[in-house]
Protein chains: 2
Amino acid sequence: MISSNELLRGTLRTIVLKLLYEYGRMYGYEITQKVKDLSGGEIQLTFGALYPTLHKLEKEGVLSTTSEVVDHRSRKYYELTETGEATASTKIEEYFAFIGNMNKIMSAQSNIA
Amino acid sequence: MISSNELLRGTLRTIVLKLLYEYGRMYGYEITQKVKDLSGGEIQLTFGALYPTLHKLEKEGVLSTTSEVVDHRSRKYYELTETGEATASTKIEEYFAFIGNMNKIMSAQSNIA
DNA sequence: TTAGTATATATAATTTTCTTATATATGATT
DNA sequence: AATCATATATAAGAAAATTATATATACTAA
C-alpha cells in the first residue's frame with residue numbers, strides 16, 4: 001500500500017475537495033473509505049491528517065457541516081459552500097495542470113541515440 | 001506559474017532522482033533550470049528546498065559529488081551512486097503507480113445518470 | 001559607476017503539514 | 001472477553017517546505 005508514500009504529501013486538500021465536488025455530502029470516515037475503494041486499496045488517508053484538514057477548510061469557509069446520528073453513532077457531514085465550489089473547481093483544474101507538467105519532467109529522456 | 005502549488009510538496013526527491021537517472025551528472029542550479037525548461041516555466045524549484053535535499057541524499061549514500069570550477073564559479077556536481085541507481089529506479093516506478101491511483105480518485109464520477 | 005540580472009551554493013528561522021499516538025464511544029463478530 | 005469496524009478528535013513530535021539572508025563572480029544597461 002502506498003499510503004505512507006511521500007508523494008501523498010500536498011494532495012490531501014485536493015482529494016477532499018474533488019470528492020465533495022463529485023459526491024456532495026460526505027463524512028470523514030466515508031472519505032477515507034472512498035479513497036481506499038477508488039485507489040484499489042493503494043491510498044489510505046490517515047485520520048490524524050484528515051480531520052485537522054477538514055476543520056481548517058471549514059474555518060476557511062470552504063466547507064460547511066451538519067451533524068447527524070446514524071445507528072447511534074454521530075456523523076459529521078461536510079459539504080462545499082458556494083465559495084467552496086469555486087475553490088474545488090480551481091483546485092481540480094490545477095491538479096491536472098500540475099500532473100501534466102510533472103509528467104513532462106518524469107518522462108524526460110536524454111538525447112543519447 | 002505553479003511553483004508554489006501545494007502539490008509540489010513531496011515531489012522534490014522524485015524529481016531530483018529522475019533527472020540524475022536520465023541525465024547523469026548535474027549541479028543544483030542546473031536541476032532548477034532543467035525543471036523550469038521541461039515544465040515550460042510552470043514548475044520552479046526553490047534553492048532553500050533543493051540544496052538541503054541534495055545534501056540529505058548525499059548523506060544517505062544515494063548521491064555522490066564532485067566539485068569543479070567553471071568560469072571562475074564553483075559547481076558541485078551530483079550523480080547517483082550504485083545504490084542510488086536502484087533507489088531512483090524504484091522511485092520512478094512508484095511515481096507512475098501513485099499517479100495512476102491519484103488519477104482514479106481525481107477522475108471519479110458519481111452515478112448521476 | 002552603479003544598479004540589476006544571471007550564475008552558483010549554502011544555511012537558519014519559521015511555518016506548514018504529516019505521522020504517530022492516544023482518547024472516547026457504539027455495534028458486530030469470533 | 002477480545003477484536004474488528006465504525007466514527008470523531010486532538011496533541012506531541014517529526015519532516016518538509018517557504019522565506020529570508022549571506023556570499024561571490026560575470027555581464028549588461030542606465
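Worth saying up front: this structure is predicted, and the values here are computed from it rather than measured.

(A) Up close: the relation of the copies chain B and chain A. Superposition of chain B onto chain A requires a rotation of 180° combined with a translation of 0.0 Å along the rotation axis, giving an RMSD of 0.1 Å. Such a combination of turn and shift is consistent with a two-fold rotation axis. Minimal C-alpha separation from the rotation axis in chain B is found for Arg9(B), amounting to 2.9 Å.

(B) Expanded view of the interface of chain B and chain A. Every contact between the two is made by 38 residues of chain B and, on the other side, 38 residues of chain A. Approximately 3700 Å² of surface area, both sides summed, lies buried where chain B meets chain A, with 67% of it carried by carbon and sulfur atoms. Seen at the junction of chain B and chain A, the total is two salt bridges. For Lys91(A), the salt bridge identified is with Glu6(B), shortest N-O distance 3.3 Å. The interface formed by chain B and chain A holds ten residue pairs in polar contact (both at pLDDT 80 or more) in total. Counting residues per element, the ones that place at least two in the side of chain B that touches chain A are helix H1 (12-23), helix H2 (28-38) and helix H4 (82-106) of chain B. Considering each element in turn, the side of chain B that touches chain A owes the most residues, 14 residues, to H4(B). Among the residues making up the side of chain B that touches chain A, the classes are represented as 19 nonpolar, ten polar and nine charged.

Rules used throughout
- Residues numbered from 1 in each chain as written.
- Chains lettered and ligands numbered in written order.
- Predicted model: local features only at pLDDT ≥ 70, side-chain atom pairs only at ≥ 80, totals over all residues.
- Heavy atoms only, no water.
- Least-squares fit on C-alpha atoms with pLDDT ≥ 70 in both.
- Contact = heavy atoms within 4.5 Å.
- Buried area = accessible area lost by both parts, 1.4 Å probe.
- Salt bridge = Lys/Arg side-chain N within 4 Å of Asp/Glu carboxyl O.
- Polar contact = N/O pair within 3.5 Å; in protein donor to acceptor, adjacent residues only side chain to side chain.
- Helix = DSSP H or I, 4+ residues; strand = E, 2+ residues; numbered from the N terminus.
- Nonpolar A, V, L, I, M, F, W, Y, C, P; charged D, E, K, R; others polar.

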